[in-house]
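Notes for the structure review
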Amino acid sequence: MMLIDPHAHMISRTTDDYQAMADAGVVALIEPAFWVGQPRTFVGTYVDYLSTIVGWERFRAGQFGIRHYCTVGLNSKEANNEELAEGVMDWLPRFALKEGVVAIGEIGYDEQTPLEDKYFRSQLELAEELNLPVMIHTPHRDKKRGTSRSMDVCEEHGIDPGMVIVDHNNEETVAETLQRGFWAGFSIYPSTKMGNARMVEILRQYGGERIIVDSACDWGISDCLGVAKTAQLALERGIPKETVQKVCYQNALDAYGQSGQMKEEDWLEPPAIDQRTLFEGNSILRGGREPHIEEPGDRRQRNLLIE
Ligand SMILES: [Zn+2]
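Rules used in this analysis
Residues numbered from 1 in each chain as written. Predicted model: local features only at pLDDT ≥ 70, side-chain atom pairs only at ≥ 80, totals over all residues. Heavy atoms only, no water. Helix = DSSP H or I, 4+ residues; strand = E, 2+ residues; numbered from the N terminus. Rg over C-alpha atoms; globule rule 2.2 N^0.38 Å. Buried < 20%, exposed > 50% of the residue type's maximum accessible area, 1.4 Å probe, protein only. Contact = heavy atoms within 4.5 Å. Lys, Arg positive; Asp, Glu negative; His and termini not counted. Charge placed at Lys NZ, Arg CZ, Asp CG, Glu CD. Donors = N, O, S within 2.8 Å, 3.2 Å for Na, K, Ca; no water. Axes fitted to C-alpha atoms, helices over the stretch in contact; angles between N-to-C directions. Parallel < 35°, antiparallel > 145°, perpendicular 65-115°, else oblique. Left-handed = near helix turned anticlockwise from the far one by under 90°. Nonpolar A, V, L, I, M, F, W, Y, C, P; charged D, E, K, R; others polar. Pairing = 2+ DSSP bridges.

Glancing now at the overall build of the protein chain. Within the protein chain one finds eleven helices and ten strands. For the protein chain, whose C-alpha radius of gyration is 19 Å, the value lies close to the compact-globule estimate of 19 Å for 307 residues. Along the three orthogonal principal directions, the C-alpha set of the protein chain runs to about 55 × 50 × 35 Å. Sorting the 307 residues of the protein chain into buried and exposed places 56% on the buried side. Considering only intrachain contacts with a sequence separation of at least 6, the fraction spanning at least 24 residues in the protein chain is 73%. With 31 positive and 49 negative side-chain charges, the protein chain shows a spacing of 3 Å between the two charge centroids.

Shown next as structure tokens:
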């Protein structure tokens, strides 16, 4: 089964992770712009980060046969630094129009401060202007209220719920998210919050309409195979294959495909993998290593092994 991981911070992951994801069937992933673990203190570092996720990281994924897309936005934590936030807002429209950018995100609330609210709203307006989908990061604290409020604000701004993916749902928020017509994302975290066994129970209860599974893997304890492991467990536990295919592939494509930047042909007719390729003069290879070169269609017909 082909899989999409629509929330993966690959900038913090290793090449082993790319290899494992490719081997598990991940054909495409989306890297949302987010916070990097500590606050950025200059607009320039934020701009370079955005350049990396639309540039080098896209190249790096391609070297493992995975198509890489991203979302751009000012995250809620850093929205609280007004000087930085203003600078990032000036740059965002330029990045939002770059190839492979499928949404404005991840935006929304962290501590639900007035500044977070201000920049959430201005980014919703940007998304609407550019006709791009929105990826919403719902807060970990006070989640239920923060999730409802995020959807209230989208409605206030007249945003079509079908253009909004509300991520990091749980059992407490899913019913409302679906009932209001938004896409409901679920991030699968090992042994905390939302594990894949809990996810399977949600699928049993709600089916697959407008539900999207992602790994949200980043620099913290997380699993880049969150989508693949959930798909496998769901099938083992009797969830219909069509449902699994929807939540681990098709829904993400339908939701983010609305950007016009993400199409099935991108991975059905992929370019060959050629690790001799360079990006701005740089390679993923290290001293003396044999490059892996592979024509489209070679994949998954054999055990992928890069020595
Ligand atoms: Zn994230």
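Donor atoms from the polypeptide that coordinate the zinc ion comprise His7 (NE2), His9 (NE2) and Glu106 (OE), at 2.1 to 2.2 Å from the metal. Sequence spacing among the residues donating to the zinc ion works out to H-x1-H-x96-E. Of this pair, His9 sits in the loop between strand S1 (3-5) and helix H1 (15-23) while Glu106 is found in strand S4 (residues 101-108), placing the two residues 97 residues apart along the sequence.

Right, let's talk about the packing of helix H8 (residues 196-206) against helix H9 (residues 226-236) for a bit. At a closest axis distance of 9 Å, the pairing of H8 and H9 adopts a crossing angle of 55 degrees. With respect to H9, the element H8 is oriented oblique. Regarding H8 and H9, the two cross each other, and that crossing is right-handed. Every residue of H9 that contacts H8 at Asn196, Ala197, Met199, Val200 and Leu203 is listed here: Lys229, Thr230, Leu233 and Ala234. Here the contact of H8 with H9 is composed, by residue class, of six nonpolar, two polar and one charged.

Read across the sheet, eight strands follow the order S1-S2-S3-S4-S5-S6-S7-S8 without closing on themselves; strand pairing throughout is parallel. Only two strands of the sheet have a single neighbouring strand rather than two, namely S1 and strand S8 (211-214). Within the sheet, the average angular offset between the axes of one strand and its neighbour, ignoring direction, is 25 degrees. Summarising the sheet, strand S3 (residues 67-72) and S4 pair through three bridges and their orientation is parallel. Paired with Thr71 across the two strands is Ala103, which belongs to S4. Together, strand S2 (26-32), S3 and S4 form the strand contacts of helix H2 (residues 43-54), whose direction differs from that of S3 by roughly 150 degrees. Seen against the sheet, H9 touches S1 and S8 and runs at an angle of roughly 135 degrees to S1.

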